[in-house]
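# A structural walkthrough
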Amino acid sequence: MSSTRRLQQPLALAALTAFLAAGCVPLGEAVDPPDVEATSGQAQDEGPEGGDGVETVDDGSGESGARGAQGDAEAEDHEEDAEDSEEDPGSDAGDHPPVVAEASIWDHTAAELVDVQVSVYPLVRDSHDGEDYLAARIDFELADGSGRFDLEAALTSPDTDPTEIRLVDTEALEVQAPLMVSDGELSLLPVQLEYDIVFPGDVATWTGLYEDLGAESSAVLVPYFGLLEDVEVLEPEDLDAEVLESYLLVEDLGFDPVRVLPRTYPADVYRERDGGDVSIRDDDGQATLTMASDVLFDVDEHDLDDDADVALQAAAEELERLDGGELFIVGHTDDVLDEDHNQALSERRAESVHDRLDELTDLSAFEITVEGRNFQEPVADNETEEGRAQNRRVELLFELPELEDLTDLQQIGEPADPEGPVGTAGEVLEVTAEDGRAAEVAVEEVYRVDNLLVGRLSVEITQNAEGHDTSGQLAWPFSFGDDSLREERESLGEGGQVDAVTLLIGDSRVFPLEMSGRGWITGVDDDGEFLQVDLPWYSPLADRYVGGGQDAVEGTRGVVTVLWPLVSSEEVTIDVPVETEYEDREGFDPWRFEDVPVVDGLQRSEADADKDED
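For every chain, the first residue of the written sequence is number 1, and numbering continues from 1 onward in sequence order. For a predicted model such as this one, the threshold for reporting local features is a pLDDT of at least 70, and the threshold for listing and counting side-chain atom pairs is 80 or more; totals across whole chains, interfaces and linings nevertheless cover every residue. The basis for the side-chain values is all heavy atoms of the structure; hydrogens and waters are excluded.

### Brief notes about the overall build of the protein chain
A helix here means a DSSP run of H or I that spans at least four residues, while a strand means a run of E at least two residues long, and both kinds are numbered starting from the N terminus. Helix and strand content of the protein chain: seven helices and 35 strands. In the protein chain, once contacts between residues fewer than 6 apart in sequence are set aside, the share between residues at least 24 apart is 71%. Just so you have it, the protein chain exposes about 25,300 Å², and 41% of that area is on carbon and sulfur atoms. Should any heavy atoms of two residues lie within 4.5 Å, those residues are counted as being in contact. Residue-level accessible areas treat just the shown protein chains as cover; the underlying method is Shrake-Rupley with a 1.4 Å probe.

Here's what the structure looks like:
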């Protein structure tokens, strides 16, 4: 059996709602361009019950087949391919070597850790029809030559094929997912993967295409391995021709793309004020402060409640950080009743907020616009009560000053008192849940890279849920799970995402950075143009599908990566809450690490070098 390269293709449109928060895109049906096998991208199933080592895989034909974890025929074929890989000329990039890292990753089938090495090769510039792209190549192999590694599960985005490789501009705070293409009939993800499972002797290559932003280097966020920095961007002639053959270029797709959709997104700073029902989103310096209408007004009313001042005082404190500028105070409603009624209601509510803010703080430095936009700018689906509640809101829109980082938030309020176990750097905390499951968590390191703060945290499952032989997802101590209250975040792998690990700065809770956009793809029209649903989505800059959908048994271990906005403090507080303004972890203990030291990335590299010498 020869190794195959596949043009990865996402799942059926039935899973559309699962793509909103993940920033993923449902595509069309299988297509077979020349020399490229197109496979269906069905959602990754949960791991097999009973631990029999066999996973059912949908091959897109409507039939299911069993893939043995160590099937004799598959292993023999991999051994034959491995002989070829030993002579792979692409393993040496000459003057432009790859960025290499190793990680111990849990193999759910063998129930043991395996050491895996990743080699991120330079990004190569490519062009087609006057547009510039980047071709990426990443190799995976077993570091100690033993065990097995389910690479497909490790790289699987929530509910789609292995595309979970993101480029990160650590200075501009921009994030890139693999771009999309249209062949005129379908929308496709041009991603190729060699070997679903890596056996000893394999060098499995993952390749994908991205937008070229003109940078000379990039960081690459790889699940389990973390943020790999300083990956060069080169011209094709800078690499040996034999090395270049292992890359996927646009000309290798086997068809001429009718449309190309780059997927480059800003890394939003999202935070919430403790106890104030106030959230603030910073999208590249443009801030949106949101107050839910149910904390300000009664239903269908515009007079402020007696308790509204808690949220309005928090909003006033945020405005006091500014030196003035344009300020928009905008009322929004759901779509219950007619547009005229909701337009008048949204205007009156915005004016009520303006009047009270003017009493709480000096607004004279601002150029203020007060307006209502009824139900014309929904942030959630009006078909559900939860969605309608999110759409009923008042927003303050303003431009943020050129703040270096978020350290000044320490001057606003005090962090909330801890509600669960508290530790410091170097300690291990036990986290429990009402269903009997337990895990140990620890902070491995926190360091700065340009405008980022990077955290690496470890987890080990120590006890299964009562009456079960697993604890569910490995990520549960770090995750809000399948809660659907905030922007359909249940789509992020049903609890496999790392989205609950926050920083406490003053009385602000700072979430992992989020790549964000508006609209997700539902297919293409008759002209090959991409069809999109006009709703916002948010996806955390953290591991989004830890465990690849496999159930975690006792002893399962892993290390996750979280990217936060820059904080210049020498120490930070890392906190996983029971609940926030829009999410809750009911049934799980909260936990907190205080006085966690922060080092510069350079210091970290030097420390690693000293450790290697010892």
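### Things to note about the nonpolar core
Take the buried residues of types Ala, Val, Leu, Ile, Met, Phe, Trp, Tyr and Cys, join any two whose side-chain atoms come within 4.5 Å, and each joined set is a nonpolar core. Remark: exposure states derive from per-residue accessible area (1.4 Å probe, protein chains only) relative to the maximum for the residue type, with buried under 20%, exposed over 50%, and partly exposed in between. Among the nonpolar cores identified, the biggest contains 94 residues, and Phe140, Trp206, Phe225, Ile574 and Trp591 are the most heavily contacted of them. Residues Leu327, Ala350, Val353 and Phe366 belong to the second largest nonpolar core, which totals 27 residues.

### Re a negative patch on the surface
Residues form patches when they are more than 30% accessible in relative terms and have no salt bridge. Like charges link within 9 Å. Nonpolar side chains (Val, Leu, Ile, Met, Phe, Trp, Tyr) link within 5 Å. Here, a salt bridge means any Lys or Arg side-chain nitrogen found within 4 Å of an Asp or Glu carboxyl oxygen. In this tally, Lys and Arg are treated as positive and Asp and Glu as negative; His is ignored, and so are the chain termini. One atom stands in for each charge, and that atom is NZ of Lys, CZ of Arg, CG of Asp or CD of Glu. Negative charge collects at one region of the surface, where Asp274, Asp417, Glu419, Glu434, Glu579 and Glu586 lie side by side. Relative to the assigned elements, Glu434 resides in the loop between strand S25 (429-432) and strand S26 (438-449).

### Details of the side chain of Ser471
With respect to the secondary-structure elements, Ser471 resides in the loop between strand S27 (452-463) and strand S28 (502-505). Residue Ser471 is classed as buried on the basis of its relative accessible area, which comes to 2%. Aside from chain neighbours lying at most four places away, what touches Ser471 is Arg437, Ile461, Gln463, Asn464, Ala465, Trp476 and Ala552.

### Focus: the packing of helix H4 (residues 309-319) against helix H5 (residues 339-360)
Axes here mean lines fitted to C-alpha atoms, for a helix over just the part in contact, with angles spanning 0 to 180 degrees between N-to-C directions. At a closest axis distance of 10 Å, the pairing of H4 and H5 adopts a crossing angle of 65°. Like other packed secondary-structure pairs, H4 and H5 cross with a definite hand, here right-handed. In this structure, H4 contributes Asp309, Leu312, Gln313, Ala315, Ala316 and Leu319 to the contact, and H5 contributes Val353, Arg356, Leu357 and Leu360. Class assignment for the residues of the contact of H4 with H5 results in seven nonpolar, one polar and two charged. Rotating anticlockwise by less than a right angle from the far helix to the near helix defines a left-handed crossing, while the corresponding clockwise rotation defines a right-handed one. Nonpolar residues are Ala, Val, Leu, Ile, Met, Phe, Trp, Tyr, Cys and Pro. Charged residues are Asp, Glu, Lys and Arg, and all others, Gly as well, are polar.

### Quick word on the pairing of strand S20 (residues 286-292)
Counting buried positions over the seven residues of S20 gives five, a clear majority of the element. Two strands pair if DSSP finds at least two bridges between them. The pairing of strand S19 (residues 278-283) with S20 spans six bridges and is antiparallel. Note that in S20 the partner of Ile280 across the bridge is Leu289. Hairpin geometry of S19 and S20 is characterised by an intervening segment of two residues between the two adjacent antiparallel strands and by a positive phi of about 55° at Asp284.

### Here we look at the pattern of salt bridges
Here the structure, examined in full by the defined rule, presents 30 salt bridges. The partner of Glu529 in a salt bridge is Arg259, and the shortest N-O contact between them spans 2.8 Å. Remark: Arg259 occurs in strand S18 (residues 259-273) and Glu529 occurs in the loop between strand S30 (514-524) and strand S31 (530-540); sequence separation between them is 270 residues. Between Arg281 and Glu514 there is a salt bridge, and its shortest N-O distance comes to 2.9 Å. Pair noted here: Arg281 is in strand S19 and Glu514 is in strand S30, with a separation of 233 residues, a long-range link. For Arg281, a relative accessible area of 11% translates into the label buried.

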